[in-house]
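Inside the fold
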Amino acid sequence: MDAPYAKLEQLEPGIARVLAHNPSAFTYYGTQTYLLGENEVAIVDPGPDLPEHVDALVEAIGGRRVVAIMCTHTHRDHSPASRALAERTGGPIIGCAPLALEDVGPRADAAFDGDYRPDRALHDGETLQVDGYAVSAVATPGHTSNHLCFAYRGSLLTGDHVMGWSTTVVVPPDGEMAAYMTSLEKLRQRDERTYYPAHGPAVTNPKQYVRHLIGHRMQREKQILRLVGEQPRDIPDIVANAYPALDPRLTIAAGGSVLAHLVDLERRGLVVREGELWTLDTRSH
Ligand SMILES: [Zn+2]
């Protein structure tokens, strides 16, 4: 694998990237940290707290003023390096809100970073000035409840909300399918020309790609309704039928996404749960 770890890649004027060495079935080649700005910079998704990654970021920053260290959300492949970077550059941590979860244990894609402490949490539509251009927070809950995208100079930093290599993991209780779909719809109404995700290549046809993602989830929902309509099924049974030839490392994540669909369908009165089994809600039909 010759991925460009620890190298500064200039993507377009004012947007550059450094890849962290944390490849996995959930992170692709690893977390991509973005540097916004030229004379001064904001750092988006500092990534895991790996010394060689933090060193590479400090070198890439090269003594420029750090206006903000921004996290899209607080999974452990995104936010932990914010502390080391704040310490070494003096930049403030400004971005997503912390999560107050009772259970910060491991999830399908990454455990939550319970130590994340922003100096300032941004709400939807709030902006910062970086090198003469606005960075705007776009609230996009779904993958996590605190997820933000950041708009800058006609591009959108999409974190894990929209990724260039894989569909997004949405796992209850913090992940929520209805919110995720609303957040996809929100992006479909926007006009950025390029998406830069935390994992995988840039998306250069955002509207088309987001429409495809929405369609994909609607197909999945239809498929789940058909499966539980045939007979009551538990989640492993639904996963086995809905995801043939699934990478075994992704079984738990697929189960989480199926659960996210089922919870949404239950709320809409379309399915009911009986112990481990899910079935169509015939009372409403
Ligand atoms: Zn994540």
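The written sequence of each chain sets the order in which its residues are numbered from 1. In keeping with the model being predicted, local features are shown solely for residues with a pLDDT of at least 70 and side-chain atom pairs are shown and tallied solely at 80 or more, while totals for entire chains, interfaces and linings include all residues. Just so you know, side-chain values use all the structure's heavy atoms and leave hydrogens and water out.

Moving on, we get to the coordination of the zinc ion. Counted as donors are the N, O and S atoms within 2.8 Å of the metal, or 3.2 Å for Na, K and Ca, while water is not among the atoms, so some sites may look incomplete. Coordination sphere of the zinc ion, protein contribution only: H73 (NE2), H75 (ND1), H143 (NE2) and D160 (OD), at 2.2 Å. Donor angles set the geometry label: tetrahedral for four donors if every angle is between 85 and 135 degrees, square planar for four and octahedral for six if opposite donors exceed 155 degrees and the others are between 65 and 115, irregular for anything else. Because the angles between the four donor atoms bound to the zinc ion fall within 90 to 171°, the donor set is best described as irregular. Mapping the donors of the zinc ion onto the primary sequence gives the spacing H-x1-H-x67-H-x16-D. With a gap of 87 residues between them, H73 in the loop between β5 (65-70) and α2 (81-89) and D160 in the loop between β11 (155-159) and α3 (177-188) connect regions that are remote in the sequence. In this structure, H73 and D160 share a single accessibility class: buried. Numbered from the N terminus, helices here are DSSP runs of H or I no shorter than four residues, and strands are runs of E no shorter than two. A 1.4 Å probe rolled over the protein chains alone gives each residue an accessible area, and that area as a share of the maximum for its type sets the label: buried under 20%, exposed over 50%, partly exposed in between.

Let us now look at helix α5 (residues 235-242). Listed as buried for α5 are I235, I238, V239 and A242. For α5, the angular spread of the buried residues around the axis is 100°, confining them to a single face. The outward face of α5, more than 90 degrees from its buried face, is lined by the exposed residues P236 and A240. Residues of α5 that are buried sit in contact with α4 (206-230), α6 (251-267) and β14 (277-280). The directions from the helix axis to the C-beta atoms form the arc being described. Contact between two residues is taken to exist if any of their heavy atoms lie within 4.5 Å; hydrogens are not considered.

As a further point, take α6. With 17 residues, α6 should cover 24 Å at 1.5 Å per step; its first-to-last C-alpha distance of 24 Å lies within 8% of that length. Of all 17 residues in α6, twelve are buried; the element is thus mostly enclosed. The complete set of buried residues in α6 reads A253, A254, G255, G256, S257, V258, A260, H261, L262, V263, D264 and L265. Looking one or two residues past α6, G269 carries a phi angle of roughly 75°, positive in sign. To estimate the expected span of a helix, subtract one from its residue number and multiply by 1.5 Å.

Of all five residues in strand β3 (residues 32-36), five are buried; the element is thus mostly enclosed. For two strands to be treated as a pair, DSSP must find at least two bridges joining them. Judged from the five bridges that link them, strand β2 (residues 15-19) and β3 form a sheet pairing that is antiparallel. What sits directly across from V18, in β3, is T33. Two elements, β3 and strand β4 (residues 40-44), share three bridges in a ladder whose sense is antiparallel. By the bridge assignment, L36 is partnered in β4 with A42. Between the end of β3 and the start of β4, which pair antiparallel, lie three residues, with G37 showing a positive phi angle near 100°.

Okay, the sheet that holds strand β10 (residues 148-152) next. Sheet architecture is open: five strands sit in the order β8-β9-β10-β11-β12, paired in mixed fashion. The open sheet has two edge strands with one neighbour each: β8 (127-130) and β12 (194-197). For this sheet the average axis-to-axis angle between neighbouring strands, irrespective of direction, equals 25°. With four bridges joining them, β8 and strand β9 (residues 133-139) adopt antiparallel strand pairing. The partner of Q129 across the bridge, within β9, is A134. The convention used is that axes are lines fitted to C-alpha atoms, helices contributing only their stretch in contact, and that angles between N-to-C directions extend from 0 to 180 degrees. Contacting β9, β11 and β12, α3 crosses the sheet at an angle of about 145° to β9.

Another aspect to go through is the nonpolar core. Ranked by internal contacts, the top residues of the largest apolar core, which has 39 residues, are L35, L36, M70, F150 and L157. Put simply, buried Ala, Val, Leu, Ile, Met, Phe, Trp, Tyr and Cys residues joined by side-chain atoms within 4.5 Å make one nonpolar core. The next biggest cluster of nonpolar side chains, apart from the first, holds 17 residues, and it includes L156, L184, Y195 and A260.

With that out of the way, let us pick up the packing of aromatic side chains. The rule is short: rings of Phe, Tyr and Trp, with Trp giving its six-membered ring, pair when the centres are within 6.5 Å, and they are stacked under 30 degrees, edge-to-face over 60, tilted in between. Applying the stated criterion across every chain yields a total of four aromatic pairs. Where Y133 meets Y152, the ring centres are 6.1 Å apart and the plane angle is 75°; that geometry is what we call edge-to-face. Placement of Y133 in strand β9 and of Y152 in strand β10 is noted, with a sequence separation of 19 residues between them. Overall, Y152 belongs to the buried group, its relative accessible area being 1%. In this structure an aromatic cluster arises from ring pairing among Y28, Y29 and W165. Over the aromatic face of Y133 sits the side chain of R153, whose NZ or CZ is 3.9 Å from the ring centroid. A ring is scored as having a charge over it whenever the NZ atom of a lysine or the CZ atom of an arginine sits within 6 Å of its centre and within 35 degrees of its normal.

We now examine the environment of N241. Within the fold, N241 resides in helix α5. Sequence separation between N241 and L227 is 14 residues; the distance between their C-alpha atoms is 8.0 Å. Setting aside chain neighbours within four positions, we find N241 in contact with Q223, L227 and R233.

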